[in-house]
Amino acid sequence: MAYDSTNIFAKILRDELPSQRVYEDDAVIAFMDVMPQGTGHVLVVPRTPSRNLLDADQATLGPLFAAVQKVANAVKKAFNADGVTVIQFNEPASGQTVYHLHVHVIPRFDGVPLKPHSGQMEKPEVLAVNAEKIRAALHQQ
Ligand code: 5GP
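Section: the environment of K115
Note that K115 resides in the loop between β5 (103-108) and α3 (124-139). Separated by 30 residues in the primary sequence, K115 and T85 have C-alpha atoms spaced 12 Å apart. With residues near it in sequence (within four places) discarded, K115 still touches P36 and Q37.

Let's talk about unusual backbone geometry
In this structure, D15 is a non-glycine residue whose phi angle is positive, near 60°. Within the secondary structure layout, D15 lies in the loop between α1 (8-13) and β1 (21-24). When its relative accessible area of 61% is taken as the criterion, D15 is described as exposed. Even without a glycine there, the phi angle at S118 is positive, about 50°.

Some details on the nonpolar core
By size, the foremost hydrophobic cluster in this structure holds 24 residues, and its most contacted members are V22, Y23, V42, V44, V71 and I134. Elements represented by at least two residues in this core include exactly β1, β2 (28-32), β3 (42-46), α2 (58-78), β5 and α3. Among the elements that take part in this core, α2 stands out by supplying 7 residues, more than any other. The residues contacting V71, other than those within four sequence positions of it, are Y23, A30, V42, V44 and V105. Counting residues in each nonpolar core, the second largest holds 8 residues, with F9, L13, F31 and V98 among its members.

Overview of the site of the ligand
The environment of the ligand is made up of 18 residues, and the closest members are D33, T97, H102, H104 and H117. Contacts to the ligand include H104, whose side-chain N or O atom sits 2.8 Å from an oxygen atom. Listing elements by their share of the shell around the ligand, those giving two or more residues are α1 and β2. It is α1 that contributes the most residues to the shell around the ligand, 3 residues altogether. Taken together, the residues that form the shell around the ligand break down as 10 nonpolar, 7 polar and 1 charged.

About the cut-offs
Residues numbered from 1 in each chain as written. Predicted model: local features only at pLDDT ≥ 70, side-chain atom pairs only at ≥ 80, totals over all residues. Heavy atoms only, no water. Helix = DSSP H or I, 4+ residues; strand = E, 2+ residues; numbered from the N terminus. Contact = heavy atoms within 4.5 Å. Buried < 20%, exposed > 50% of the residue type's maximum accessible area, 1.4 Å probe, protein only. Core = buried A, V, L, I, M, F, W, Y, C linked by side-chain atoms within 4.5 Å. Near = heavy atom within 4 Å. Polar contact = N/O pair within 3.5 Å; in protein donor to acceptor, adjacent residues only side chain to side chain. Nonpolar A, V, L, I, M, F, W, Y, C, P; charged D, E, K, R; others polar.

As structure tokens, this is what we get:
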């Protein structure tokens with residue numbers, strides 16, 4: 001399947017849709033997932049378009065995972081988490097729902113299970129507070 005530039009994350013990258021951004025550099029943007037699977041769930045999205053990992057240019061992957069590491073450390077610090085889950089889905093059979101490559105970064109707490117994927121919408125004001133905590137942790141790195 002070809003990349004379709006009308007997907008939600010392409011629109012967020014073009015600022016046609018709002019997002020609670022926590023980090024950006026030349027290669028990626030990172031913003032709060034609106035249906036978080038846990039407190040502080042962030043999506044890291046490369047600027048270079050691809051449908052998912054399977055069709056991505058290899059040059060995209062290094063900077064993407066450098067940013068994933070940066071955000072993972074920031075969310076762990078921001079929420080005093082016990083661990084961080086990193087997930088990436090490819091094609092519908094795997095659970096992918098938005099067809100622009102992205103990586104999920106989710107703080108984890110001992111004994112707290114993940115909420116369902118693409119489950120309930122979080123209140124924008126809660127996402128805003130969590131985003132600010134992550135930005136603050138990133139500034140301290
Ligand atoms: P996928 O299943 O493609 O790996 O994950 C897509 C993710 O995007 C889901 O976790 C879902 O909650 C999130 N999502 C869907 N629509 C939007 C949106 O409009 N804005 C943001 N920030 N996240 C979204």
